[in-house]
Amino acid sequence: MTSTDITIQPTANDAIVKFEASRFITQHNSYEFNNIDEAKNSPLAQQLFYLPFVKKVYIASNFVAIERYSIVEWQDVQDEVAEQIKAYLNSDAPVVKEETTKPKNAVTVYAESTPNPSVLKFVCNKALVGQICEFSSIDDAKDAPLAMELFQFPFVKSVFMDKNYVSITKYDVAEWEEITTPLREFIKSYVENGKPVLAKPISQQKEVKEQKTEQQFEKLDDTSKNIVNILEEYVKPAVASDGGNIEFISYDDTSKKVEVLLQGACSGCPSSTFTLKNGIESMLKEMLNDQNITVNAING
């Protein structure tokens, strides 16, 4: 049998580290264990829970992710953990007894920080939406059942959704330390139970969005098209990783002013708005070879 190697991969959440295996370790299912009792069908997870700093264990098709308690730092223990997981996998012992374990929908949800201290990003291992959605109140969310449910929490100020994550903006009356777990558990349970995120299926959402975007793009002048392409290729991926989005609004050839809309984690944070605005402005000046370009960033 070929030896299994383990690669240590940090995540956006500094409490969680992924230990990626060089082969598949489950039958393409995902599992989450909160304690040793829940892990009775996973000998590997049970073994890991004997480590005093292990808070949660996630097992997916080709990796084991572990959330730690704050009593240790990962750099002090991750090498030993990697060796323990490697030794276990190379012993050919079962990782999960999958014939007796039937995950409801194999849903895991991670909480990730964003540059905006008022916004937290909840990342799911399932596709949630096929289009970008932002809701500032429960009235806006009439076609988004998940968002409507989230607004039942009194500390939820706004909800932003894209692909496989939900970014939530909180009111200042609550601290993330107190509300992160209830929100994460709620989203996980909601998705596990197969409840609708939006009123329309994802396939229909994508189709409508793509048609609308293409029609709008074709109406733009050449400079505006170049700006849209630059934003799509160089700015959007980075912004999305922080739980936000940026959309082109307009370009005025006379004033050289570009207007963009900031959504999600990028919206409402003065420092990140200023940094992002300046970064986009510098990029456009350089790539379009026009030092007169200015950018006006509008919060969604």
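About the thresholds
- Within any chain, residue numbers begin from 1 and follow the written order of that chain's sequence.
- Local features in this predicted model are restricted to residues whose pLDDT is 70 or higher, and side-chain atom pairs enter the listing and the counts only when it is 80 or higher, whereas totals over whole chains, interfaces and linings include all residues.
- Note: side-chain values were computed over all heavy atoms of the structure, leaving out hydrogens and water.
- Secondary structure elements are defined from DSSP: runs of H or I of at least 4 residues count as helices, runs of E of at least 2 residues count as strands, and each element is numbered from the N terminus.
- Every residue pair with non-hydrogen atoms within 4.5 Å of one another is taken to be in contact.
- Note on aromatic pairs: the rings of Phe, Tyr and Trp (six-membered ring only in Trp) are paired at centre separations within 6.5 Å, and the planes decide the class, stacked below 30 degrees, edge-to-face beyond 60, tilted for the rest.
- Summary of the burial criterion: residues with accessible area below 20% of their type's maximum are buried, those above 50% are exposed, and those between are partly exposed, where the area comes from a 1.4 Å probe applied to protein chains only.
- To estimate the expected span of a helix, count its residues, drop one, and scale the result by 1.5 Å.
- Identification of polar contacts relies on pairs of N or O atoms within 3.5 Å, with a donor-acceptor requirement for protein atoms, meaning one able to donate a hydrogen and the other able to accept it, and with residues adjacent in sequence counted only if both atoms are side-chain atoms.
- The criterion is simple. A nonpolar core is a set of buried Ala, Val, Leu, Ile, Met, Phe, Trp, Tyr and Cys residues joined through side-chain atoms within 4.5 Å.

With respect to the secondary-structure elements, Phe 248 resides in strand E11 (residues 244-252). Counting along the chain gives 23 residues from Phe 248 to Lys 225, while the straight-line C-alpha distance between them is 9.7 Å. With near-sequence residues (within four places) excluded, Phe 248 lies in contact with Leu 220, Ser 224, Ile 227, Val 228, Leu 231, Val 258, Glu 259 and Val 260.

This next bit is on the packing of aromatic side chains. Taken as a whole and assessed by the stated rule, the structure comprises eight aromatic pairs. Seen from their ring centres, Phe 19 and Trp 74 are 5.9 Å apart, and the 65° between their planes marks the pair as edge-to-face. Remark: Trp 74 occurs in helix H2 (residues 74-90) and Phe 19 occurs in strand E2 (residues 16-21); sequence separation between them is 55 residues. A relative accessible area of 4% means that Trp 74 is categorised as buried. On the numbers, 4.9 Å between centres and 45° between planes, the contact of Tyr 58 with Tyr 110 is tilted. With Tyr 58 in strand E4 (residues 54-59) and Tyr 110 in strand E6 (residues 109-113), this residue pair connects regions lying 52 residues apart in the sequence. For the pair Tyr 58 and Tyr 110, a shared accessibility class is recorded, and that class is buried.

Taking 1.5 Å of rise per residue, the 20 residues of helix H6 (residues 222-241) would be expected to cover 28 Å, and the 28 Å separating its terminal C-alpha atoms lies within 8% of that figure. Among all positions of H6, only Ser 224, Lys 225, Ile 227, Val 228, Ile 230, Leu 231, Val 235, Lys 236 and Val 239 are buried. A side-chain oxygen of the first residue of H6 lies 3.1 Å from the backbone nitrogen of Thr 223; this N-cap is Asp 221. Gly 243 sits one or two residues past H6 and shows a positive phi near 85°.

Attention shifts here to the nonpolar core. Core analysis: the biggest nonpolar cluster contains 32 residues, and Phe 135, Leu 150, Val 159, Met 161, Val 166, Ile 168 and Leu 183 have the highest contact counts within it. When contributions to this core are tallied by element, the ones reaching two or more residues are E6, strand E7 (119-124), strand E8 (133-135), helix H3 (145-150), strand E9 (156-162), strand E10 (165-170) and helix H4 (176-192). Considering every element that reaches this core, the biggest residue donor is H4, with six residues. Not counting residues up to four positions away in its chain, the partners in contact with Phe 135 are Asp 140, Ala 141, Ala 144, Ala 147, Phe 151, Ser 158, Val 159, Met 161 and Leu 198.

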